[in-house]
Amino acid sequence: MVTLAEVAQHAGVSASTVSYVLSGKRSISANTRQRVERSIRELGYHPNAGARALASSKSNIIALMVPLRTDMYVPVMMEIAIAVATSARAHGYDVLLLTGEEGPDAVRRVAGSGLADGMILMDVELDDERLPLLRETDQPSVLIGLPADTTGLTCVDLDFRATGALCVEHLAKQGHQDIAVIGEAPAVYERHTGFAERTLEGLRSRSRELGVRLLHRPCEGGYDAMAVTLARILDERPGTSGIIVQNESAVEPLLALLRQQGRAVPEDVSVVAICPDQVATQASVRLTSVAIPAQEMGRHAVDHLVAKLDGRGSDEVVLIAPELTVRGSTGPAPSRP
């Protein structure tokens with residue numbers, strides 16, 4: 001491994017000069033800086049991360065808090081996490097992934113230890129217990145998600161309220177008057193997770209405006225849970241002709257159950273999903289859907305955090321507008337007998 005002293009000897013300068021070039025703590029002539037940087041490249045020198053952190057009071061690490069819960073669709077969470085890591089690397093940062101359900105303790109640990117220069121928090125609840133501590137600390141942070149009160153916070157998210165409204169509008173335009181919503185697992189609503197609650201707000205508000213009857217039922221996902229949920233929906237609302245699914249684990253079981261019951265999609269029942277494009281396009285029926293823009297969410301979060309770390313950012317809420325892609329799972333409502 002190449003040492004700092006070897007870089008200094010190669011460049012014909014003192015070790016302290018190399019250190020100043022790396023830290024930026026002192027003004028170095030352009031000619032000397034170029035000579036040192038050329039030696040660093042030619043020798044393949046990589047500064048020790050611990051020493052660099054001590055010298056500059058920066059770790060060049062971003063902490064990403066993403067609790068991996070059994071009631072959440074992990075592939076979406078990990079796609080966002082990968083987008084964060086890729087974007088962070090482009091800015092010269094590495095990512096420390098915290099996957100435990102530690103709540104405020106994780107914020108306290110990161111903020112108090114100097115482990116990271118900033119934090120990105122996912123799986124945000126409306127009244128997230130991490131937020132009071134986050135507002136108290138001076139450490140820059142960004143939320144991927146939207147709490148009830150965004151004062152003093154920077155938040156990035158898909159506009160889930162508009163997403164719910166868009167799904168209802170699409171089905172209503174096709175003449176569907178009885179719409180069922182198959183939602184996330186009950187625990188997601190019990191925690192008042194932001195994205196699920198805001199989707200529901202949009203669904204209900206737009207349904208009232210359009211005079212459409214809406215029935216929402218949470219579902220654990222999986223075939224057995226979906227069978228019980230669908231049976232309940234059709235028992236309570238036999239005329240249901242449109243279904244909106246916000247639960248990736250329920251998509252394929254739902255389509256299988258509709259086939260078994262002789263209900264054709266979209267001739268008898270139209271289905272709209274809020275899910276990643278991969279889930280929508282690889283389902284047994286290509287689904288009309290609103291995609292989860294995981295890459296965009298991750299990239300925006302990192303860009304805003306880096307801007308804060310550079311002293312350029314300010315607190316703001318960034319909502320990504322939803323886009324609905326029409327595929328083969330939606331059509332005109334069937335004529336009533």
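Thresholds, definitions, all that
- Residues numbered from 1 in each chain as written.
- Predicted model: local features only at pLDDT ≥ 70, side-chain atom pairs only at ≥ 80, totals over all residues.
- Heavy atoms only, no water.
- Salt bridge = Lys/Arg side-chain N within 4 Å of Asp/Glu carboxyl O.
- Helix = DSSP H or I, 4+ residues; strand = E, 2+ residues; numbered from the N terminus.
- Buried < 20%, exposed > 50% of the residue type's maximum accessible area, 1.4 Å probe, protein only.
- Domains from an automatic or database assignment.
- Pairing = 2+ DSSP bridges.
- Axes fitted to C-alpha atoms, helices over the stretch in contact; angles between N-to-C directions.
- Contact = heavy atoms within 4.5 Å.

Peer 1: Looking at this structure, I do not really get the pattern of salt bridges. What am I missing?
Peer 2: Between side chains of opposite charge, a pair can form when the charged atoms approach closely. Going through the model one piece at a time under the given rule, you end up with 17 salt bridges. Salt-bridge contacts for Glu209 lead to Arg206; the nearest nitrogen and oxygen are separated by 2.7 Å. On the criterion of helical spacing, the pair formed by Glu209 and Arg206 is a turn pair, its members being 3 residues apart in helix α10 (residues 194-210). For Glu209, a relative accessible area of 53% translates into the label exposed. Among the ionic pairs, Arg217 bridges to Glu236, the shortest N-O distance being 2.9 Å.

Peer 1: Is there a simple way to explain the domain arrangement of the protein in this structure?
Peer 2: Interfaces are often sized by the amount of accessible area the parts lose when they come together. If you check the domain split of the protein, you get domain 1 (4-47), domain 2 (61-158 + 294-320) and domain 3 (160-292). Here the C-alpha centre of domain 3 lies 60 Å away from the C-alpha centre of domain 1.

Peer 1: Would you take a moment to explain the sheet that holds strand β8 (residues 242-245) for this structure?
Peer 2: Where strands meet in a sheet, backbone hydrogen bonds hold them as pairs that are either parallel or antiparallel. With mixed pairing, the 6 strands of this open sheet are ordered in space as β7-β6-β8-β9-β10-β12. With one partner strand each, in any of the chains shown, β7 (213-218) and β12 (324-325) form the two edges of the open sheet. Note that strand β6 (residues 178-183) and β8 share 4 bridges and pair parallel. Bridge pairing links Ala180 to Ile243 in β8.

Peer 1: Would you mind going over the sheet that holds strand β3 (residues 118-121) with me for this structure?
Peer 2: Ordered by their spatial adjacency, 6 strands build an open sheet running β2-β1-β3-β4-β5-β11, and the pairing between neighbours is parallel. At either end of the open sheet lies a strand with only one pairing partner, and these are β2 (94-98) and β11 (317-320). Direction aside, the axes of adjacent strands within the sheet are offset by 20° on average. Pairing of strand β1 (residues 61-65) with β2, which is carried by 5 bridges, proceeds in the parallel orientation. Considered in β2, the bridge of Ala63 is made with Leu96. In the packing of helix α14 (residues 294-309) onto the sheet, the strands contacted are β1, β3, β4 (141-144), β5 (155-158) and β11, and the crossing angle to β4 comes to about 165°.

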